[in-house]
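Overview (structure and organization)
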2 protein chains.
Amino acid sequence: MAEDNVRSQMRKGVLDYCILCILSRKEAYASAIIDELKAADMIVVEGTIYPLLIRQKNQGLLSYRWEESTQGPPRKYYFITEKGRSQLEEMDAAWTELVDSIGKLRNQ
Amino acid sequence: MAEDNVRSQMRKGVLDYCILCILSRKEAYASAIIDELKAADMIVVEGTIYPLLIRQKNQGLLSYRWEESTQGPPRKYYFITEKGRSQLEEMDAAWTELVDSIGKLRNQ
DNA sequence: TAGAATACCTTGCAATACAAGATATAAAAA
DNA sequence: TTTTTATATCTTGTATTGCAAGGTATTCTA
């Protein structure tokens, strides 16, 4: 297993959380979200992001609006809903607990 | 998505790490590993653990020995290999980086 | 002798992330 | 004008993972 796979395996399961974190501050379109994730050293590709955003939208966590762009095709700006904010709070708690669990396991 | 699913989704990807953490301290058989995970609030079931241990053994990260038990059937004690310890170091680094990335995303 | 407790393992399913490729718009270059 | 480049969106197929459910085997106890 290459080092890359180690990191990519660990990313599984927290991407939903990451998306909600980003959109909790301001609306964004997919490519911009990918750029933000990269800036935080979370490498994610398009084939991962698009289905994920659609899933979260279908769950009512996100909504979106189209906006024209002078740089190319129109952009789909996603923004978080009230339900999404509740979910984010739950995820904050879950993340804290996970970090705590790993801490217990790692340091005896 | 129920609160349980939020936590279970986040657990994905760190179970390999958890197993190596536990076995880095002392050898153990599957049921004992599950008990340790439960003690750290990481709920995992047999159907998850057995295939996972077999995978890690096939990757050369673990090895095992049989030991008779007076309480029932013989136990398969797994222990970490040198390769497993290297892997654990990589996972420590990956975990630290992941926590760091989430921190960046969450706190602006 | 039957049941309970302990331990191992497998099968089939659903969900996730990724690689690869398809489609569409607008600007720039030929 | 036509082609290329850049920017966007999205889909399809695949591998992996974790889980629910069920199956097998050993030892002790009632």
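Within each chain, residues carry numbers counting from 1 in the order of the written sequence. Chains and ligands are labelled by the order in which they are written, letters from A for the one and numbers from 1 for the other. Residues qualify for local features only when their pLDDT is at least 70, as the model is predicted, and side-chain atom pairs are given and counted only at 80 or more; totals for whole chains, interfaces and linings, by contrast, use all residues. Side-chain measures were taken over the full set of non-hydrogen atoms in the model, leaving aside hydrogen atoms and water.

Some details on helix 4 (residues 46–58) of chain A
Residues and elements named next belong to chain A. Secondary structure elements follow DSSP: runs of H or I no shorter than four residues count as helices, runs of E no shorter than two count as strands, and numbering proceeds from the N terminus. Take the number of residues in a helix, subtract one, and multiply by 1.5 Å to get its expected span. Its 13 residues give helix 4 an end-to-end C-alpha distance of 18 Å, which sits within 8% of 18 Å, the value for a rise of 1.5 Å per residue. The buried label goes to any residue with under 20% of its type's maximum accessible area, the exposed label to any with over 50%, and the partly exposed label to all in between, with areas taken from a 1.4 Å probe on protein chains only. Ile49, Leu52, Leu53 and Gln56 are the residues of helix 4 that are buried. Buried residues of helix 4, seen end-on, are gathered within an arc of 100 degrees and therefore sit on one face of the element. Exposed and facing more than 90 degrees away from the buried side of helix 4 are Gly47 and Asn58. Residues count as neighbours in contact if any of their non-hydrogen atoms are within 4.5 Å of one another. On its buried face, helix 4 is in contact with helix 2 (15–25), helix 3 (30–39), strand 1 (62–67) and strand 2 (75–80). The directions from the helix axis to the C-beta atoms are what the arc is built from.

Describing the protein's contact with DNA strand C
In the vicinity of DNA strand C lie 26 residues, with A:Thr48, B:Tyr29, B:Tyr50, B:Arg75 and B:Lys76 positioned nearest. By convention in these notes, a residue is near a molecule or strand provided one of its non-hydrogen atoms lies within 4 Å of it. Across the atoms of DNA strand C situated within 4 Å of the protein, the share located in sugar and phosphate is 69%. In protein, a polar contact means a hydrogen-donor-capable atom and an acceptor-capable atom, both N or O and within 3.5 Å, with residues adjacent in sequence counting only if both atoms are side-chain atoms; elsewhere, any N or O pair within 3.5 Å suffices. Contact between DNA strand C and B:Tyr50: a phosphate oxygen at 2.5 Å from a side-chain N or O atom of the residue. Elements supplying a minimum of two residues to the surface near DNA strand C: helix 4 of chain A together with helix 3 (30–39), helix 4 (46–58) and strand 2 (75–80) of chain B. Element by element, the count of residues in the surface near DNA strand C is highest for helix 4 of chain A, at five residues. For this classification, the nonpolar set comprises Ala, Val, Leu, Ile, Met, Phe, Trp, Tyr, Cys and Pro, the charged set comprises Asp, Glu, Lys and Arg, and every other residue, Gly included, is treated as polar. Here the residues of the surface near DNA strand C are counted per class, giving ten nonpolar, nine polar and seven charged.

Some remarks on the protein's contact with DNA strand D
Around DNA strand D lies a shell of 25 residues, among which A:Tyr50, A:Pro73, A:Arg75, A:Lys76 and B:Thr48 are the nearest. Within the contact set of DNA strand D, a sugar or linking oxygen lies 3.2 Å away from a backbone nitrogen or oxygen of B:Thr70. Among the secondary structure elements, those contributing two or more residues to the surface near DNA strand D are helix 3, helix 4 and strand 2 of chain A together with helix 4 of chain B. The residue makeup of the surface near DNA strand D, split by class, is ten nonpolar, nine polar and six charged.

Description of the relation of the copies chain A and chain B
Fitting of the copies onto one another was done by least squares over C-alpha atoms, counting residues only where both copies have pLDDT of at least 70. With an axial shift of 0.0 Å and an RMSD of 0.1 Å, the rotation relating chain A to chain B amounts to 180 degrees. Such values leave the two copies arranged in the relation of a two-fold axis. Residue A:Lys12, judged by its C-alpha, is the member of chain A lying nearest the rotation axis, at 3.0 Å. Most of the interface of chain A is mirrored in chain B: 100% of its interface residues are interface residues there too.

Examining the nonpolar core
Within this scheme, the nonpolar core is defined by two criteria: the residues are buried Ala, Val, Leu, Ile, Met, Phe, Trp, Tyr or Cys, and they are joined through side-chain atoms within 4.5 Å. Ranked by internal contacts, the top residues of the largest apolar core, which has 66 residues, are A:Leu37 and B:Leu37. Contacts of A:Leu37, omitting those with residues within four sequence positions, involve A:Cys18, A:Ile19, A:Ile22, A:Met42, A:Val44, A:Ile49 and B:Leu105.

Topic: the interface of chain A and chain B
By a widely used convention, the size of an interface equals the accessible area lost when the partners come together. Counting from both sides, the interface comprises 40 residues of chain A and, opposite them, 41 residues of chain B. Buried surface at the junction of chain A and chain B, summed over both partners, amounts to about 3,800 Å²; 63% is from carbon and sulfur atoms. Summed over the three residues of chain A that lose the most area to chain B, namely A:Met10, A:Leu105 and A:Arg106, the buried surface amounts to 20% of that side. Measuring nitrogen to oxygen at the nearest pair gives 2.8 Å for the salt bridge that ties B:Asp92 to A:Arg106. Applying the counting criterion to the chain A and chain B interface returns ten residue pairs in polar contact (both at pLDDT 80 or more). Of all the secondary-structure elements, those providing two or more residues to the side of chain A that touches chain B are helix 1 (3–11), helix 2, helix 3 and helix 5 (82–106) of chain A. If you tally residues by element for the side of chain A that touches chain B, the top one is helix 5 of chain A, at 15 residues. What counts as buried area is the accessible surface, traced by a 1.4 Å probe, that two parts surrender upon association, with contributions from both included. Salt bridges are defined as contacts in which a side-chain nitrogen from Lys or Arg sits within 4 Å of a carboxyl oxygen from Asp or Glu.

Some remarks on the side chain of B:Ser101
Residue position: B:Ser101 is located in helix 5 (residues 82–106). Looking at B:Ser101, the relative accessible area reads 2%, which means it is buried. Discounting residues that sit within four places of it in the chain, B:Ser101 has contacts with A:Arg7, A:Ala40, A:Asp41 and A:Met42.

A word on the pattern of salt bridges
In the structure shown here, the tally under the stated rule is 14 salt bridges over all chains. In this structure, B:Glu97 engages A:Arg7 in a salt bridge whose closest nitrogen and oxygen atoms are separated by 2.8 Å. One end of the pair, B:Glu97, is in helix 5; the other, A:Arg7, is in helix 1, on a second chain. Accessibility expressed as a relative area gives 33% for B:Glu97, which makes it partly exposed. By relative accessible area, which is 15% here, A:Arg7 ends up buried.

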